[in-house]
Every structure is written in structure tokens, then in C-alpha cells.
Amino acid sequence: PTDQKISFSVHEAGLFVYLDSGRFGVRSEKYSSVFHSKSALYVPPRTPYIVHNLGAGPTGWFVSLPEFLCKALPENIVGLDALDLLIALGRKIASWGRIESHRGSQQAYVTAFLQELNETKTSLPTALRLPQSAQLLSIAEKLVACPGDMNNITYWAKQAGMSRRSFTRAYSIETGLPFSTWRRRLKIHAAIKSLGAGMSVGDISFDLGYQNPSAFIVAFRNEFGSSPTEFMKKHALIPHRPGRKTG
């Protein structure tokens, strides 16, 4: 089938976007990636992009940044390691809606937000390119929605209406990775989010289709050079456990 022409959005301002729930894919002319809940990303001014909703409609908010405030920020779309303070400040600013000028107390929030944003590092190396053609993008969306899927390459090639050879070649060209490698990274991508939510290694390995926790740990170590626990400590990712009080 022939792909339909895609209309890219373009904004004169930069955008700080935070995803509260769900997941979506972001694609520009040179970049594509999947973002899960509790993720932040930055879109530079005048950068054409398009968003693909993956599964149930995502929810979140954004802060619009005038172009003159974006000179020290990345020139391309990037994920961000947004800390709690930056998220809290951004959420407060987003709640104001569209305003023409800031009052005294609002300006203090904006100043603090910009300072935190300029000191924020780009995200962990879990970005995953999405295919661009409609038939392969549809397959990717299904796998993102269920990263523990156990169907083999032949099954997914059939779902795409392609031979196994054509499917693997096209997927590699469009994502920059062999299909099997892309799926493995998708699983690790999902695992990081689950680790951050406080899930155990055992539960994560089961959900993602690994034979046992050891197999998952080996796959994780092959990807990042450290175990899941070491990775969480290295990047200061504190698991959020519902119902547990902090302070």
C-alpha cells in the first residue's frame, strides 16, 4: 500500500513536554523515538515533527518556550532526565494556560524552571526509532503496546503482508536496527520504566517473556554494561512504590 502524505507540525516556540500516562511516538525529519509515561522531551523551535499515539490516548502537559530562551538548549528533539523539581515547576507553569506577561510570583517560577531546564541532562540511552512506512509502523505500535509479545518474525512479517526476508530488510532500513535487536531494545526500554515504578526483576522478566530473571539480567547487562540494580544506582533512578511514604 502507498503511504499517505504526512503533515508535520511546526512551532515558532520550543516545547517542554511531559507525559503523565500512556505512550507515544515522536517523529521528525531526522529523528523518531518512543516515549512512555513519566517521560519528558524537548522540541526545539521551528522543528517539524509529528506525534503517533500508541495505544490508549496519552495524557500530559507542555510549556511553550520563546525562541530566545532556547539558544542554550539542544538543537534536536531529545528526551530529558527531568528531575522532580523541574517537573513540579513545569506543571505549575502549564496550569496557568496562555498568558501575555508574568506577574512577580509567576516570574520567579519561570526563572527557576529555566535554570533547572538548562541544567537537565539529555535522557538515558533508550531512544528507539520507529519505522516510517504505515505497514511497519503498525507492527511497531503493536509491539510497543505489548513488549512481552512472543510471536516470531515470520508471524509479524505475515501481519505486515510481506515475506520474512522483505520484512527484516525493510525494518532494518527504516529503524537502523535488525528486527530482533529492535525488539530486544524495546524490552529493555520497557524494563527501565518498570524498574522505576518499583517492580521486581522477577516480575519484569516474566512480563517481558524472558525464561527467567537471570536471562533478563544478562540481556540488560549486554545492553548497558551493568545489572538493573547497578543501572538504577548509577543514574539515580529511585523506584516509585505506590503507597510508600517518603520524607
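If you're wondering where the values come from, they're calculated on a predicted model, not measured in any experiment. (Residues numbered from 1 in each chain as written. Predicted model: local features only at pLDDT ≥ 70, side-chain atom pairs only at ≥ 80, totals over all residues. Heavy atoms only, no water.)

(A) Seen up close, the nonpolar core. In terms of nonpolar packing, the biggest core is built from 21 residues, with F16, Y42, V63, L65, L80, F113 and L117 touching the most fellow members. Only β1 (14–21), β4 (39–43), β6 (59–65), β7 (78–80), α1 (84–94) and α2 (104–119) provide two or more residues apiece to this core. The residues contacting L65, other than those within four sequence positions of it, are A13, G14, Y42, C70, L73, F113, L114 and L117. Formed by 20 residues, the second largest nonpolar core is a distinct cluster that contains L137, A140, L143 and W156. (Core = buried A, V, L, I, M, F, W, Y, C linked by side-chain atoms within 4.5 Å. Buried < 20%, exposed > 50% of the residue type's maximum accessible area, 1.4 Å probe, protein only. Helix = DSSP H or I, 4+ residues; strand = E, 2+ residues; numbered from the N terminus. Contact = heavy atoms within 4.5 Å.)

(B) Structural view of the pattern of salt bridges. Using the criterion set out here, one finds five salt bridges in the structure. The salt bridge partner of R185 is E223, with a shortest N-O separation of 3.1 Å. Highlighted residues: R185 in helix α6 (residues 179–196) and E223 in helix α8 (residues 213–224), separated in sequence by 38 residues. With a relative accessible area of 33%, R185 lands in the partly exposed category. E230 is the salt-bridge partner of R221, the closest N and O atoms lying 3.6 Å from each other. Residue E230 is classed as partly exposed on the basis of its relative accessible area, which comes to 40%. (Salt bridge = Lys/Arg side-chain N within 4 Å of Asp/Glu carboxyl O.)

(C) Structural view of the side chain of E174. Mapping E174 onto the fold places it in helix α5 (residues 164–175). What makes E174 buried here is its relative accessible area of 18%. A distance of 2.9 Å separates a polar side-chain atom of E174 from the backbone nitrogen of S133. For E174, the contacting residues outside a window of four places in its chain are R129, L130, P131, Q132, S133 and L136. (Polar contact = N/O pair within 3.5 Å; in protein donor to acceptor, adjacent residues only side chain to side chain.)

(D) Highlighting the sheet that holds β7. One open sheet holds the four strands; their spatial order is β6-β1-β4-β7, and the pairing between them is antiparallel. Across the chains shown, the open sheet's two edge strands, defined by having one partner strand only, are β6 and β7. Neighbour-to-neighbour, the strand axes of the sheet open up by a mean angle of 25°, direction not taken into account. As defined by bridge partners, β1 adjoins β6 across seven bridges and the pair is classed as antiparallel. Counterpart to L19 in the pairing with β6 is G60. Running at roughly 100° to β6, α2 makes contact with β1, β6 and β7 of the sheet. (Pairing = 2+ DSSP bridges. Axes fitted to C-alpha atoms, helices over the stretch in contact; angles between N-to-C directions.)

(E) Broad picture of the packing of aromatic side chains. This model, assessed by the stated rule, comprises eleven aromatic pairs. Relative to F113, the ring of F16 lies with its centre 5.5 Å away and its plane at 85°, an arrangement referred to as edge-to-face. Taken as a pair, F16 in strand β1 and F113 in helix α2 lie far apart in primary sequence, 97 residues in all. The two residues F16 and F113 agree in class, both being buried. Taken together, the ring pairs connect F16, Y18, W61 and F113 into an aromatic cluster. Between the NZ or CZ atom of K187 and the centre of the ring of Y210, over which it lies, the distance is 5.8 Å. (Phe/Tyr/Trp six-rings, centres within 6.5 Å; stacked < 30°, edge-to-face > 60°. Lys NZ or Arg CZ within 6 Å of the ring centre and 35° of its normal.)

Interpretation in functional terms is not warranted from these geometric data alone.
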